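One-letter residues, chain by chain:
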Amino acid sequence: MISFWPRPRPELCLGIAPRLPLESSPLAALPPPLLRDLMMWRPSLVLLLLLLRRGAQGKPSPDAGPHGQGRVHHAAPLSEAPHDDAHGNFQYDHEAFLGREVAKEFDQLTPEESQARLGRIVDRMDRAGDGDGWVSLAELRAWIAHTQQRHVRDSVSAAWTTYDTDRDGRVGWEELRNATYGHYEPGEEFHDVEDAETYKKMLTRDERRFRAADRDGDSMATREELTAFLHPEEFPHMRDIVIAETLEDLDKNKDGYVQVDEYIADLYSAEPGEEEPAWVKTEREQFRDFRDLNKDGQLDGGEVGHWVLPPAQDQPLVEANHLLHESDTDKDGRLSKAEILGNWNMFVGSQATNYGEDLTRHHDEL
């Protein structure tokens, strides 16, 4: 048997973090809602960290639970900049259209270089669509969505070489299992570890998620299928898996529902004689008033889904509509390359637009 150097900690792979007294944590000064957001539940990121690290800390008890851990997946905003086109500040549009890091690169280009690169992007948008020489609303929306998912693609690329051990351009279930847990002969799984049953549960759970991501059922994951495995919250067809895993984590009495005490236990563990903080009481109210939609005192799978994967506005579509409206000079509902380049400073930045924005900010400060 080949043992795995940093065998994944069951506390982490099952979405569990060591429970620490809040007052001993450097996060103690943060408001609980912010703390909850910072501790957002992202199984894919945990798995990635486990694979990329070459060491492991001491293993806490598998019974330890999360402290201040949020499970809700909120779509990140396209940009943190104000949407302030009226004052000539197009930073929001630049970051939405290019992604934040690439927008910074454009800010260092001359206007001529910036327009030339934008022209090549226009060609790419059209080629990725129907190739008819125009950029449609759907093509513009698809481009914005693509740029906003760059961090997801980067994380998958970082993990790909770890998983694709035979370098055939696909990741088989056995490759992923062996890279994560080590190679065992049949019937010997985890015979060498103390908490074997926990690891077996983790393995079963990972295999179920892999099978759901493997849409063609060939037990080989393409890059897109591996992305669904690592980032299930980003894929509609993985919604049931995210719900099932959340239920398994919270539903301690295994009745198929999340009771209010199970919900609270995922967030907070009282010390003996400790009074329940005000924010925990607020969470109980949130459970009663907003999580428990049918008011039966518990959360079923549908309510868990509404909680952890809430309906969200299609931000790329909203921005695509905005850019189309502002650039479609002939009002035919589509954009030519000339129309986009004619309004280039709304789509991308340059040294010149930076200088203009700096002048505007300086004037406002006077």
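All chains use their own residue numbering, which begins from 1 and follows the written sequence. In view of the model being predicted, local features appear only for residues whose pLDDT reaches at least 70, and side-chain atom pairs are presented and counted only at 80 or more, with totals across whole chains, interfaces and linings using the full set of residues. Side-chain metrics rest on all non-hydrogen atoms present in the structure, leaving aside hydrogens and water.

Peer 1: For this particular structure, what's the right way to read the overall build of the chain?
Peer 2: Numbering of helices and strands starts at the N terminus; helices are DSSP runs of H or I of at least 4 residues and strands are runs of E of at least 2. When helices and strands are tallied, the chain shows 19 helices and 4 strands. Scored against the burial criterion, the 366 residues of the chain give a buried share of 45%. Note on areas: these come from Shrake-Rupley sampling with a 1.4 Å probe, and a residue is covered only by the protein chains present in the view. Carbon and sulfur atoms form 54% of the exposed surface of the chain, whose accessible area is close to 19,100 Å². Only protein chains enter the calculation, and the probe is 1.4 Å; a residue is then buried if its accessible area is under 20% of its type maximum, exposed if over 50%, and partly exposed in between.

Peer 1: Explain the packing of aromatic side chains to me, please; I cannot follow it from the model alone.
Peer 2: By convention here, two paired aromatic rings are described through the distance between centres and the angle between planes. In this analysis, rings of Phe, Tyr and Trp, with Trp reduced to its six-membered ring, are considered paired at centre separations within 6.5 Å, and the interplanar angle assigns stacked below 30 degrees, edge-to-face beyond 60, and tilted for intermediate values. Throughout the structure, instances matching the rule amount to 10 aromatic pairs. In this scheme, the term charge over a ring applies when either NZ of a lysine or CZ of an arginine sits within 6 Å of the ring centre and within 35 degrees of the ring normal. Above the ring of F229, the side-chain terminus of R209 is found at 5.7 Å from the ring centroid. Directly above the aromatic system of W134 lies the positively charged group of R334, at a separation of 3.7 Å from the ring centroid.

Peer 1: Is there a simple way to think about helix 7 (residues 137–148) in this case?
Peer 2: Residues that lie three or four places apart on an α-helix share one face, since the helix turns once every 3.6 residues. Between the first and last residue of a helix there are one fewer steps than residues, each counted as 1.5 Å, and that sum is the expected span. Taking 1.5 Å as the rise per residue, helix 7 with 12 residues should run 16 Å; its terminal C-alpha atoms sit 17 Å apart, in good agreement. Here helix 7 has its buried residues at E139, L140, W143, I144, A145, T147 and Q148. The secondary structure elements touched by the buried residues of helix 7 are helix 4 (91–98), helix 6 (111–128), helix 8 (150–163), helix 16 (315–327) and helix 18 (344–347). For this analysis, residues touch if any pair of their heavy atoms sits within 4.5 Å.

Peer 1: What's the story with the environment of V122 in this structure? I'm lost.
Peer 2: Its location among the elements puts V122 in helix 6. The sequence separation of V122 and S336 amounts to 214 residues, and the corresponding C-alpha distance is 8.9 Å. Among residues more than four places away in sequence, those in contact with V122 are V135, K337 and I340.

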